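Results of the structural survey
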Amino acid sequence: MTKISRFILPLLSIVASFFVSSLAIAESRVSVAISIEEPQHHYAKITLTYDNYAEQKAVFQLPTWRTGRYEIINLANGIRDFSAVDGKGNKLPWEKVNKDSWQVSDTLHKQVIISYQVYANQLGQRTRHIDDSHAFIDASTVVMYSDITRDHNYVIDLAVPATWRSVSGLDAGDNSHQFIAKNYDVLVDSPIETGINEHHKFTVEGLDYELVIWGKGNYDSAKMLADLKVLVKQSKHIWQDYPFKRYVFMVHATSGARGATEHLNSTIIQTSRFKFSDRKDYLRFISTAAHEFVHTWNVKQYRPKGLVPYNYQQENYSTLLWLSEGSTSYLQNHLLLRGELMSSKEFLESLAKRITGYLHKPGRQSQTIAQGSFDKWLEEGGDYDKNHSVNIYSEGFLVSWLLDFSIIEKTKLEKSYRDVHNILYQNYKIPKSFDEDDLLAVLKEVTNDDYASWWQENVHGYAEVDFAKLLAKAGLEMSYGDEKEIKQQAWAGLTTKPVTNGLQIVSVEKNSPAWQAGLTIEDVIVAVDGLRMSDKDLTARMKNFKPKSRMSVTFFRRDELVTRMIILGEKPKNKLKIVPMKNATKTQQAFFKQWTGIDFPKKKGK
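A few points on the structure. Computed from a predicted structure; not experimentally measured. (Residues numbered from 1 in each chain as written. Predicted model: local features only at pLDDT ≥ 70, side-chain atom pairs only at ≥ 80, totals over all residues. Heavy atoms only, no water.)

To continue, consider the overall build of the protein. Per the secondary structure count, the protein includes 16 helices and 30 strands. Principal-axis analysis of the C-alpha atoms gives the protein an extent of 105 × 60 × 45 Å. Here the protein holds 606 residues, and the buried ones make up 53% of them. Expressed as a percentage of contacts within the protein between residues at least 6 apart in sequence, the contacts between residues at least 24 apart total 68%. By element, 50% of the accessible surface of the protein is carried by carbon and sulfur atoms, the whole surface being about 28,500 Å². A distance of 6 Å separates the average location of the 77 positive side-chain charges in the protein from that of its 72 negative side-chain charges. (Helix = DSSP H or I, 4+ residues; strand = E, 2+ residues; numbered from the N terminus. Buried < 20%, exposed > 50% of the residue type's maximum accessible area, 1.4 Å probe, protein only. Contact = heavy atoms within 4.5 Å. Areas by Shrake-Rupley, 256 points an atom, 1.4 Å probe, with all protein chains shown as cover. Lys, Arg positive; Asp, Glu negative; His and termini not counted. Charge placed at Lys NZ, Arg CZ, Asp CG, Glu CD.)

Here's what the structure looks like:
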């Protein structure tokens, strides 16, 4: 072999390797074209292009659920006009094999192009919505995927009206309406908001943030920006660093839609357009922003086994969803407190509201929080769930609180539940995941104690809480007013809504006076003690009765007139308040500070 050949052969090998590598890069790219030409009709045309498909048959699927909402949704019901061709425009045979899967044949080593129409008119579900002013696109409800291309790069090109602005947590492409995702999982966890919107950029401690607001309302965007700048700095009190370089807050000011969903490096928050100005309403907004921001770590960086990796075609089961959601609800107010975006009084008012809700949640005696997590996919809400189920948010908050106080006490104020979440972030980042044994190991690492029995009692058992004893650890106490003796008022245990001919019952608390009298949901109350019911609810009428008195209720059931007698119970006349003890010890005050991160409120109610 000559010297030249010895030189040329390695060079040819390098060139060949480069060519193969370049080909692999080209093959790993999926082009996604989203065309919105007549937004007023809620339609979009989706075109996906796969170069040199690697199998003889391709199955393209639309997920049956979206991240952040643990519920099977019929997303494919908005898909029409499916077609498939190769790179030369030749039709490829295809068939729909189930409700959300399309199989295309004769695809081996061909460029495969599929297209279909999407009907997008689901604003309140935060899935997909298009109108003449904007489009909100959660890709899991718009873009199909193939198993063998799930890890490929996705390049999204939007064809939208010229006046629209497009924003996403995704990396920017070559123009203002192009985005790039390194794989399908990133794509479906990074929604796009495009349309006529208010847009702001800001930088905090070297990280870039954006606030985009769609819709008119009574919001003060300058205040929102100022508070978000404070909020995003508070996570350092829980986690050691940030898992993103850029984060987007998307806000929909709407007429009716309400809720929020966390995403990989962004969130979508929906609030009624006139629910921003009052302090109570604004606090709800900024609390929601805090909740979704906490999710950037808890769920998006570490989450339970059963949810890693996501299976988009079926339920993803875990007994730890309470930690994903309830602990997020618990930690959100800690960020607000530390940033002085919520006063200690507001913090304690929120806590009192949660305690009241817990005390009137009969379902806590029928379902454990572990069972509630596993069965989240079956949850329907309403009267039955309230009486026979727990909620991973509210009861998950409670278990998180119990766990936090236990850790603070066992470590003599050295550690807290925040340390647990920081360890989960450091040691169990996706693609890792954690189970209950892992959590017990983390708890032992933090406290040097075995939590097996505690776990069995409070997670797999029915937690019973002595709130007075619990609050006293932090120098707090429950109060129903300044009276020496708590005043009581009549209580029936039902809630109603006004309908054309009376008040329709929407819930009856299990074992309450109304429950014992046989009233149930959908009964329509038309009279109380023989007098027609014309009020919007029972509040005014109930003032005429004392605890333990008898109240005759006449109602329609199956269009038949029925009368029942309720022997009324009692409940405190005033709302529950959580207030600082006047003589809280230094130990109690120190406990409070370790718990909340702020000084103990010296003045009652402050």
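Having seen the model, we can carry on.
Our next topic: the nonpolar core. Counting residues in each nonpolar core, the largest one holds 148 residues, and the members touching the most others are Ile 114, Met 144, Tyr 209, Trp 322, Trp 401 and Trp 595. For this core, the element with the highest residue contribution is helix H9 (residues 394–410), accounting for nine residues. Apart from residues lying up to four places away in sequence, Ile 114 is in contact with Ile 46, Thr 47, Leu 48, Phe 60, Phe 82, Ser 83, Ala 84, Val 104 and Met 144. Counting 21 residues, the second-largest nonpolar core is a separate cluster that includes Ile 505, Ile 525, Met 533 and Val 562. (Core = buried A, V, L, I, M, F, W, Y, C linked by side-chain atoms within 4.5 Å.)

So, about the sheet that holds strand S5 (residues 94–98). As summarised here, the arrangement of the three strands in space is S3-S6-S5, forming an open sheet in which the pairing is antiparallel. Of all the strands in the sheet, just strand S3 (57–61) and S5 have a single pairing partner and so form its edges. Pairwise comparison of adjacent strand axes, ignoring direction, gives a mean angle of 25° for this sheet. Of the strand pairs in this sheet, S5 and strand S6 (residues 101–105) are connected by four bridges, and their pairing is antiparallel. (Pairing = 2+ DSSP bridges. Axes fitted to C-alpha atoms, helices over the stretch in contact; angles between N-to-C directions.)

Moving on, we get to the packing of helix H5 (residues 321–338) against H9. Between H5 and H9, the shortest axis-to-axis distance is 7 Å and the interhelical angle comes to 65°. One finds that H5 runs roughly perpendicular with respect to H9. Helix-helix and strand crossings are classified by hand; for H5 and H9 the assignment is right-handed. Packed against H5, whose contacting residues are Trp 322, Gly 326, Ser 327, Ser 329, Tyr 330 and His 334, the element H9 presents Gly 396, Phe 397, Val 399, Ser 400, Trp 401 and Asp 404 at the interface. (Parallel < 35°, antiparallel > 145°, perpendicular 65-115°, else oblique. Left-handed = near helix turned anticlockwise from the far one by under 90°.)

Looking now at the pairing of strand S25 (residues 524–528). Within S25, five of the five residues are buried, which leaves the element mostly enclosed by the surrounding structure. Judged from the two bridges that link them, strand S24 (residues 502–508) and S25 form a sheet pairing that is antiparallel. Bridged to Leu 503 within S25 is Ile 525. Pairing of S25 with strand S27 (residues 550–557), which is carried by four bridges, proceeds in the antiparallel orientation. Bridge pairing in S27 links Ala 527 to Thr 554. Of the pairings in the sheet, the one linking S25 to strand S26 (residues 531–532) comprises two bridges and is antiparallel in character. The residue of S26 that forms the bridge with Ala 527 is Arg 532.

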